[in-house]
Every structure is written in C-alpha cells, then in structure tokens.
Amino acid sequence: MSHYQPGILAAPVPLQARHLFFAVQTLEAVPAALDALVQLVDSAAVVGFGEPLVNALGTHIDGLRPFPAVSGPGANNPSTQQALWVWLHGVDRGELLLRSRAYEKALAPAFGLVQSTEGFRYKTGFDLTDYEDGTENPHDDAAVDAALTDSGASFAAIQQWQHDLDGFAALPAQERDHIIGRRHGDNEELDDAPESAHTKRTAQESFTPEAFVVRRSMPWAENGQAGLMFLAFGHSFDAFEAQLRRMSGLEDGIVDGLYRISTPLTGGYYWCPPVIGGHLDLSALANMKLSTGN
C-alpha cells in the first residue's frame, strides 16, 4: 500500500491547527499551483481535493462526491463544498499563521482563501461541552481499515458545528448526560440514555454495514462563538453519511440530541491523495484537462 498522509492517523489530535478552505479563482493557474502544493506539503499538513476542483480539472476520482445537504425534523446540515482543503497542525499559533500565509501565496492566483478556522486541543481531546470526543475511535489496524483505501488515499468529511454553550450549561446535569449519552466525569456510556442520545445515534457497530470512521475533531472559538470542527476520515464517505442521516432523523424519525445545543454551519467532502517519496501522489489526476464547464 502507498503511504498515507501521516496527519490522518496521528494521535492524539494536535495542540493547535488551522483549517484552510479554498475556491478556484484562476483556472489556468491551477496546474502550477498544484506543483507548488506538492512541494510545500509536509507531515504537518493534510490536503484534500473537493469535487469542484476535480471537475474543473476534467478528471474523476472514484468515490468523491459533494457534501449532501441533509435535513430532517429539527436538523439541518448545510453543504458548503469548497475546491481545496488544507489542515495544518502544530504546537505554535504564530508558526501556523505564517505557514497559512505561505500556503495562500503559493496557491495564488489559482486559489482564493474562502475560510480559515483555528482549532485547538481541549484537555486530552475533549469537546467544549466538557465531554470526551472520539471515545469509540478505532485504533491500529482497525483505524487503517476504517480510514484508508488500498492506495493509501482517504476521504475526509468536515463540518463546523457552533455550540450554544450557555444553553447547554443551563440544563440539568442528567439532561446534559442524556444528550451526549455518557456520564460527565467518568465518560461511562449510559444504558438508560434516550434513543436520541448522540452515542446511540452514532454507535458505529449498529449500522449495516458497520460505519466506522476515524475522528480527528477539534474545538474552535472566534468572535464570541465556539464549537467543534468535526473531522472524520474514511475509506469512503458511506459510513459518515449513514451516521449523518440517522442523526438527522431520516432513518427512524429520531433526531440526535446534539441538534438541541449545536448547529452545523458548514459541510464538505474531500479526497486526500496518498504520499509517495514524501510528496503528494497526484497520479490519479495525471490525465487532467482544464474544464471551464462550457
């Protein structure tokens, strides 16, 4: 198997990170920008290509599709699909800022920055609700099987969720536990939690086929708002999408309790190419032909 981008499976989540989302601005400059990207990306970055970029290149990646706008009773998951996503991680905010600027300059004028969101680790990997995140993540060989294709590529699903932290904190302790499905303090899963509890909505082994993904989510906070940059890697989008549809109530009419205290703001799907010889392997795009869509 080809090498995968190392940040996909590196644990724990990094201390600091930046999510950069780009749109295509000058199509003719894209090949040169991709050449620069291949040289720039290192082990402290993960890069994903969205369907708008792949379509613009006149090529195709099996399994890649745009993020679906999934809505249900009391749940709305918008699609804000972008062309290119770069996830930078490290330990120093200043260094990440400078690296972000380097990517912006290297990708211009082909790509324009649409969104830049900082992430950070809370405690040992907690959500800002103060509940542990990613408890059921697969590990070792199981993580490889869940997150990677045979070539070493991966598919990333990303949503930015905005929390109502004041509203959540105002709820009784048991009600907060029942929204999450775990007991605050010891992270014990609650058998008596309602069917709307997040743990029951997303129990990966309860799907057919089982819906395992590798979560690499991190909190974010800016301009007085805060929440979770949800990030999941899979060998396809199918497992994530099955979970999202059930969370939204499309499977049985029961909506995940998370929607009571958190709202998805964005949603995107990205293909993360493998790495060969320390560089992104873009051979799957080798026959690319720039397409204006006309």
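All values derive from a computational prediction rather than experimental measurement.

Draft legend 1. Structural detail: the environment of P274. Among the secondary structure elements, P274 is positioned in the loop between β12 (268-272) and β13 (275-276). Relative accessible area serves as the criterion here: at 5%, P274 is assigned to the buried category. Put simply, P274 and T135 are 139 residues apart on the chain and 26 Å apart in space, counted from C-alpha to C-alpha.

Draft legend 2. Region of interest: the layout of surface pockets. In this structure, the largest pocket occupies an estimated 630 Å³ of space. Along the wall of the largest pocket there are 31 residues; nearest its centre are D133, G134, H198, T202 and R215. For the lining of the largest pocket, the elements supplying multiple residues, two or more each, are β7 (154-163), α7 (198-201), β10 (225-234) and α8 (238-247). It is α8 that contributes the most residues to the lining of the largest pocket, four residues altogether. Split into classes, the residues belonging to the lining of the largest pocket amount to eleven nonpolar, twelve polar and eight charged.

Draft legend 3. Region of interest: the packing of aromatic side chains. Within the structure shown, the criterion is met by 15 aromatic pairs. Between W87 and F233, the ring centres sit 6.4 Å apart and the planes meet at 40°, which makes this aromatic pair tilted. Placement of W87 in strand β5 (residues 84-90) and of F233 in strand β10 is noted, with a sequence separation of 146 residues between them. Overall, the relative accessible area of 0% leaves F233 in the buried class.

Draft legend 4. Local environment of the side chain of D177. Mapped onto the secondary structure, D177 falls in helix α6 (residues 173-180). Among buried charged residues, D177 stands out as having no salt bridge; its nearest opposite-charge side chain is R176, 6.0 Å away. Contacts of D177, omitting those with residues within four sequence positions, involve Y131, R182, R183, H184 and L190.

Draft legend 5. The arrangement of empty space enclosed by the protein in detail. Evaluation of the coordinates by the stated rule reveals one cavity of 30 Å³ or more. There is about 60 Å³ of room inside the largest cavity. Lining the largest cavity, in full, are F21, T80, Q82, Q115, I158, T266, G267, G268 and Y270. Looking at side-chain class alone, the lining of the largest cavity contains three nonpolar, six polar and no charged residues.

Draft legend 6. Main features of α8. Within α8, seven of the ten residues are buried, which leaves the element mostly enclosed by the surrounding structure. Within α8, burial applies to A239, F240, E241, Q243, L244, R246 and M247. Backbone geometry just downstream of α8 places G249 in the positive-phi region, at approximately 85°.

Draft legend 7. Summary view of helix α3 (residues 93-107). The first and last C-alpha atoms of α3 sit 21 Å apart over 15 residues, in line with the 21 Å expected at 1.5 Å per residue. For α3, the complete set of buried residues consists of L96, R99, S100, Y103 and L107. Looking straight down α3, one finds its buried side chains confined to an arc of 105°; they lie on one side. Exposed residues pointing more than 90 degrees away from the buried face of α3 are listed as L98 and K105. Those residues of α3 that are buried are in contact with β1 (16-24), α1 (30-40), β2 (45-49), β5 and β6 (111-120). At the N-terminal boundary of α3, the capping side chain belongs to D92, with an oxygen 2.9 Å from the backbone nitrogen of G94.

Draft legend 8. Main features of the packing of α1 against α3. Across the interface, α1 lies against α3 with an axial gap of 8 Å and an inter-helix angle of 150°. Relative to α3, the element α1 is oriented roughly antiparallel. Taken together, the residues of α3 that come into contact with α1 (itself represented by A33, A36, L37 and L40) are A102, Y103, A106 and L107.

Draft legend 9. The pairing of β5, seen in detail. Burial analysis of β5 places seven of its seven residues in the buried class, which makes it a mostly covered element. Residue alternation in β5 divides its side chains into two sets, L84, V86, L88 and G90 and W85, W87 and H89, and both sets are buried. For β1 and β5, the ladder comprises seven bridges, and the chain directions are antiparallel. From the neighbouring strand, F22 faces β5, where its bridge partner is L84. Looking at chain direction, β2 and β5 are connected through five bridges and run antiparallel. Of the residues in β5, the one forming a bridge with V47 is V86.

Rules used throughout
Residues numbered from 1 in each chain as written. Predicted model: local features only at pLDDT ≥ 70, side-chain atom pairs only at ≥ 80, totals over all residues. Heavy atoms only, no water. Helix = DSSP H or I, 4+ residues; strand = E, 2+ residues; numbered from the N terminus. Buried < 20%, exposed > 50% of the residue type's maximum accessible area, 1.4 Å probe, protein only. 1 Å grid on protein atoms, 1.4 Å probe; cavity = no way out; pocket = protein on both sides within 12 Å on 5 of 7 lines; lining within 4 Å. Points joined across faces, edges and corners; volume = space filled by probe spheres on them. Nonpolar A, V, L, I, M, F, W, Y, C, P; charged D, E, K, R; others polar. Phe/Tyr/Trp six-rings, centres within 6.5 Å; stacked < 30°, edge-to-face > 60°. Lys, Arg positive; Asp, Glu negative; His and termini not counted. Salt bridge = Lys/Arg side-chain N within 4 Å of Asp/Glu carboxyl O. Contact = heavy atoms within 4.5 Å. Expected span 1.5 Å × (residues − 1). Arc of directions from axis to C-beta. Polar contact = N/O pair within 3.5 Å; in protein donor to acceptor, adjacent residues only side chain to side chain. Axes fitted to C-alpha atoms, helices over the stretch in contact; angles between N-to-C directions. Parallel < 35°, antiparallel > 145°, perpendicular 65-115°, else oblique. Pairing = 2+ DSSP bridges.

None of the figures reported here should be taken as evidence of function without further support.
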